[in-house]
Amino acid sequence: MLSKTLEEGLSRYALGEKLRALRLRKKIGLVDLGRHTGLSPALLSKIENGKLFPTLPTLLRIALVYSVGLEHFFAEKERGPVRAIVRRKERMRFPDSPDARHVNYHFESLDFPAKDRRLDAYLAEFEAVEPEKVRRHDHPGIELLYVMSGVLEVRIGKEEHRLEQGDAMSFDASVAHGYRKLGKKRCTAIVVSAP
């Protein structure tokens, strides 16, 4: 049983509210979260509703599911608007799959330093690959593409779409999708995904 002083001190961190917000943002139910953490849905519900304060190991076990550190729950909120500036020369370029023999595209994060991101934004440069080597992937949420240069083929499920410079497309990213540059001209796009 915690003293009133300890309860008040812990309450100011709003751990339950932060945990619920993370869970809803990731669209995970209490039962699924329980499977990932090994904790009962009833215990997780009590924590989210502020009826029980988690121990640090329990909080860390939950945090790992959401890919956040303990500082997410205890760091003071920054005052002022959220902003992050990513200088062109500071961006790092990565292949879509570092272990693959063939690269489908390279990407650079446009919002990496931002805290509590609600979306992910990338600059992508696509490669010409054989149709059978297009690597598909899926993830929760939606994706928006804006083609800045070249011609891009986007495969979503069984459909193929041809996008040219200035074209934009949004789609359900939970359906397997892949990209392929068409022609010889450099092909780049801004890619934004949100849960």
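> So what exactly am I meant to see when it comes to the packing of aromatic side chains here?
Both the distance between ring centres and the angle between the ring planes are used here to describe each pair of aromatic rings. Within this structure, the stated rule accounts for 7 aromatic pairs. Ring geometry for Phe-107 and Tyr-122: centres 5.4 Å apart, planes at 85°, overall edge-to-face. Of this pair, Phe-107 sits in strand S2 (residues 105-109) while Tyr-122 sits in strand S3 (residues 120-126), and the two are 15 residues apart along the sequence. Judged by relative accessible area, Tyr-122 falls into the partly exposed class, the value being 25%. Where Phe-126 meets Tyr-179, the ring centres are 5.2 Å apart and the plane angle is 55°; that geometry is what we call tilted. Of this pair, Phe-126 sits in strand S3 while Tyr-179 sits in strand S8 (residues 177-182); the two residues are 53 residues apart in sequence, bridging distant segments of the chain. A network of ring pairs unites the aromatic residues Phe-94, Tyr-105, Phe-107, Tyr-122, Phe-126 and Tyr-179 as a single cluster.

> Where do I start with the sheet that holds strand S6 (residues 159-164) in this structure?
Pairing between the strands of a sheet is mediated by backbone hydrogen bonds and can be parallel or antiparallel. Spatial strand order, S6-S5-S8: 3 strands in an open sheet with antiparallel pairing. A strand with exactly one partner marks an edge of an open sheet, and here the two such strands are S6 and S8. Ignoring which end each strand starts from, the neighbouring axes of this sheet average 25° apart. As paired elements, strand S5 (residues 151-156) and S6 share 6 bridges and run antiparallel to each other. Residue pairing in the sheet places Glu-153 in a bridge with Arg-162 of S6.

> Explanation requested: the packing of helix H3 (residues 30-37) against helix H4 (residues 41-48) in the structure shown.
In helix packing, the relevant descriptors are the interaxial angle and the interaxial distance, both defined with respect to the helix axes. Where H3 meets H4, the closest approach of the two axes is 8 Å, and the angle between their N-to-C directions is 110°. One way to sum up the angle between H3 and H4 is to call them roughly perpendicular. Contact residues: Leu-30, Val-31, Leu-33, Gly-34 and Thr-37 in H3; Pro-41, Leu-44, Ser-45 and Glu-48 in H4. When its residues are assigned to classes, the contact of H3 with H4 shows 5 nonpolar, 3 polar and 1 charged.

> Even after reading the chapter, I still don't get the packing of helix H2 (residues 15-25) against helix H5 (residues 56-66), so can you show me in this structure?
Axis separation between H2 and H5 bottoms out at 10 Å; the angle between their running directions is 25°. If you check the angle between H2 and H5, you find them roughly parallel. For the pair H2 and H5, the crossing hand works out as left-handed. Contacts between H2 and H5 involve Leu-15, Leu-19, Leu-22 and Arg-23 from the first element and Leu-59, Ile-62 and Tyr-66 from the second. Along the lines of polarity and charge, the residues of the contact of H2 with H5 split into 6 nonpolar, no polar and 1 charged.

Quick notes on the rules
Residues numbered from 1 in each chain as written. Predicted model: local features only at pLDDT ≥ 70, side-chain atom pairs only at ≥ 80, totals over all residues. Heavy atoms only, no water. Phe/Tyr/Trp six-rings, centres within 6.5 Å; stacked < 30°, edge-to-face > 60°. Helix = DSSP H or I, 4+ residues; strand = E, 2+ residues; numbered from the N terminus. Buried < 20%, exposed > 50% of the residue type's maximum accessible area, 1.4 Å probe, protein only. Pairing = 2+ DSSP bridges. Axes fitted to C-alpha atoms, helices over the stretch in contact; angles between N-to-C directions. Parallel < 35°, antiparallel > 145°, perpendicular 65-115°, else oblique. Contact = heavy atoms within 4.5 Å. Nonpolar A, V, L, I, M, F, W, Y, C, P; charged D, E, K, R; others polar. Left-handed = near helix turned anticlockwise from the far one by under 90°.

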